[in-house]
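# Inside the fold
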Amino acid sequence: MSQGQLFPSLDVLAPTAQPRTHAAKVWLPKRVVFTPDALDQEFGQQILQRVTAHGLAVEMLKSNRLTGVRGEDARDTYRRAKSTLAVVCAPPSALRLQPTPPSADWQMNLAEGCPAHCQYCYLAGSLAGPPVVKVFANLPQLLCNTAAYERPDRPVSFEVSCYTDVLGIEHLTGSLAECIRYYGEREGATLRFVSKFDQVDSVLGLPHNGRTRARISLNAEAAVRGLEGGTASVEARLRALRKLALPPERGGGGYPVGVVLAPIMPLPGWQQQYRILLDRLAATLDFPCDLTLECITHRFTPGSKEVLLQWYPNTSLDLSETARAVKRNKFGGTKFVYQPDDMRTLKQFFQQEWAQRFPQAPLLYWT
């Protein structure tokens, strides 16, 4: 397998290298706006109280249309959007849920847009317009709507992290806690979320009743350092995962937990770097817990590549199409993935390394 050109100027981290341990910086947007419809919602008023408690100035829009986000060029627009929190109502189309395999049965979005700065961002090309963080004030309505998607024969899973990082905005919204409480009372449904942030204390004592699987996104140290701006360090994420998984009598949340390895990339010395990560994970979860793994290799579309190069023109991320295989969906869309031989090498490595350390924890899917 090629070592790639992901970090040509970055030396491979030695096993003895000291990992970074910093927590994620609490995101405080420069601009906070509320639409009239959002202010009419009781949950919107709760978000307003949270925002003002953090000392943030609030702009009340005169209409439900968001303006003043676009800048002089793509980079300026990106900066403005990424520092803006817009509290809005999700449109009626949000009540028509979309399937989201293999992660879950359905996606139920509590927000769109993310405060992190990941240079491979999965949202690039997926969401229309500037990447503003839009939080939905009609969340209780969206939650009640999911009952129509439940089934009598098995629990149905709902993913709330498709278009945002839920922990990265939780201090301003309380939306994740609202979801956890709701699904904690639904015998026919389960909740799934994933995050690169580490602020988990506010959700540890919630009555989830085992119906929320709390997942943390992890990657090799070099990938996190070089590509995942504004997020928690690997060590801080591991500490957060431990808190979520520990039983309440030991000060934890008692959640079923999960690890999402994404995006997996054959960066220089990748076997060594991912072994170090898995060893650190095993040392962190040194007690019995309900653990799963999801593996997602790096991929991109022509549209996402175009957007990413506008957002991060100096990125060291390998977006070369020539070394990739082309994967097409049923709608004719094109996606660039690793070559079949490289995929097999990666998959075999992670299957073996994971099974050695966590024989009781299933790998849910590889993609």
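In case you missed it, the structure is sitting above this.
I will try to describe carefully the structure that is included in this document. None of these values were measured; they are calculated from a predicted model.

### Some remarks on the overall build of the chain
- In terms of regular secondary structure, the chain is built from eleven helices and 17 strands.
- The C-alpha atoms of the chain give a radius of gyration of 20 Å, which matches the 21 Å a tight globule of 367 residues would have.
- When the backbone C-alpha atoms are referred to their principal axes, the chain occupies close to 55 × 55 × 45 Å.
- Residues classed as buried in the chain amount to 51% of the 367 residues present.
- Considering only contacts within the chain whose residues lie at least 6 apart along the sequence, 78% involve residues at least 24 apart.
- Between the mean site of the 41 positive side-chain charges and the mean site of the 34 negative ones, the chain shows a separation of 3 Å.

### Some points on the packing of aromatic side chains
- Overall, the coordinates contain 14 aromatic pairs when judged by the stated rule.
- Relative to F349, the ring of W270 has its centre 4.9 Å away and its plane inclined at 75 degrees; by these criteria the two rings are edge-to-face. Here the residue W270 occupies a position in helix α9 (residues 270–284), and F349 occupies one in helix α11 (residues 340–357), the gap between them amounting to 79 residues. Across the pair, F349 and W270 agree in class, each one buried.
- These aromatic residues form a ring-pair network of at least three members: W270, Y274, F349, F350 and W366.
- Stacked on the ring of F287, the Lys or Arg R250 has its end atom at 5.5 Å from the ring centre.

### Examining the packing of α9 against α11
- At a minimum axis distance of 11 Å, the contact between α9 and α11 shows a crossing angle of 25 degrees. Regarding the angle of α9 to α11, the classification is roughly parallel. As α9 runs across α11, the sense of the crossing is right-handed. Judged by residue contacts, W270, Q271, Y274, R275, L278, D279 and L281 of α9 engage T345, L346, F349, F350, E353, W354 and R357 from α11.
- In the contact of α9 with α11, the residues fall into eight nonpolar, two polar and four charged.

### A closer look at unusual backbone geometry
- Cis geometry is found at the peptide bond from P101 to P102, where omega equals 0 degrees.
- Examined against the element boundaries, P102 turns out to sit in the loop between β4 (98–100) and β5 (104–107).
- Residue P263 is reached from A262 by a cis peptide bond, and omega for that bond is -15 degrees.
- Along the chain, P263 falls in strand β13 (residues 257–264).
- In this structure, N209 takes a positive phi of about 55 degrees despite not being glycine.
- Positionally, N209 belongs in the loop between β10 (189–195) and β11 (212–218).

### Thoughts on the sheet that holds β10
- The strand order across the open sheet formed by eight strands is β4-β5-β9-β10-β11-β13-β14-β17, and the pairing between neighbours is mixed. Of all the strands in the sheet, just β4 and β17 (363–366) have a single pairing partner and so form its edges. Neighbour-to-neighbour, the strand axes of this sheet turn through a mean angle of 25 degrees, independent of strand direction.
- By the bridge criterion, five bridges tie β10 to β11 in an arrangement that is parallel. Looking at β11, one finds that R192 is bridged to R213.
- Running at roughly 165 degrees to β11, helix α8 (residues 234–245) makes contact with β11 and β13 of the sheet.

### Structural notes on the pattern of salt bridges
- In the structure shown here, the tally under the stated rule is 20 salt bridges.
- The shortest N-O distance in the salt bridge between R213 and D290 comes to 3.0 Å. Of this pair, R213 sits in strand β11 while D290 sits in the loop between α9 and β14 (291–297), and the two are 77 residues apart along the sequence.
- Owing to a relative accessible area of 15%, R213 belongs among the buried residues under this scheme.
- Linked through salt bridges whose partners overlap, the residues forming this network are E159, R192, R215 and E294.

### Some details on the nonpolar core
- Counting residues in hydrophobic clusters, the biggest one holds 109 residues, and the most contacted among them are M108, L261 and L281.
- Looking at which element gives the most residues to this core, the answer is α8, with seven residues.
- For M108, the residues in contact, after removing those within four places along its chain, are L97, L139, L142, L143, T146, F158, E159, V160, C179 and Y183.
- V260, A262, I296 and Y365 belong to the second largest nonpolar core, which has five residues in total.

### Some points on the sheet that holds strand β3 (residues 84–88)
- Strands sit in the order β2-β1-β3-β8-β6 across an open sheet of five strands; the sheet is mixed. Pairing within the sheet leaves two strands with one partner each, and these edge strands are β2 (59–60) and β6 (111–112).
- Two strands pair when backbone bridges link them, and β6 and strand β8 (residues 133–136) are joined in this way by two bridges, in the antiparallel orientation. Across the sheet, residue E112 finds its bridge partner in β8, namely K134.

### Some thoughts on helix α2 (residues 42–53)
- Look at α2: 17 Å from first C-alpha to last across twelve residues, which is about the 16 Å you get at 1.5 Å a residue.
- Residues of α2 that are buried: F43, G44, I47, L48 and V51. The arc that holds every buried residue of α2, seen down its axis, measures 150 degrees, which confines them to one face. Exposed residues on α2 whose side chains face more than 90 degrees from its buried face are E42, Q49 and A53.
- Just beyond α2, the residue with positive phi is G55, at close to 75 degrees.

Here is what the cut-offs are and how they apply
Residues numbered from 1 in each chain as written. Predicted model: local features only at pLDDT ≥ 70, side-chain atom pairs only at ≥ 80, totals over all residues. Heavy atoms only, no water. Helix = DSSP H or I, 4+ residues; strand = E, 2+ residues; numbered from the N terminus. Rg over C-alpha atoms; globule rule 2.2 N^0.38 Å. Buried < 20%, exposed > 50% of the residue type's maximum accessible area, 1.4 Å probe, protein only. Contact = heavy atoms within 4.5 Å. Lys, Arg positive; Asp, Glu negative; His and termini not counted. Charge placed at Lys NZ, Arg CZ, Asp CG, Glu CD. Phe/Tyr/Trp six-rings, centres within 6.5 Å; stacked < 30°, edge-to-face > 60°. Lys NZ or Arg CZ within 6 Å of the ring centre and 35° of its normal. Axes fitted to C-alpha atoms, helices over the stretch in contact; angles between N-to-C directions. Parallel < 35°, antiparallel > 145°, perpendicular 65-115°, else oblique. Left-handed = near helix turned anticlockwise from the far one by under 90°. Nonpolar A, V, L, I, M, F, W, Y, C, P; charged D, E, K, R; others polar. Pairing = 2+ DSSP bridges. Salt bridge = Lys/Arg side-chain N within 4 Å of Asp/Glu carboxyl O. Core = buried A, V, L, I, M, F, W, Y, C linked by side-chain atoms within 4.5 Å. Expected span 1.5 Å × (residues − 1). Arc of directions from axis to C-beta.

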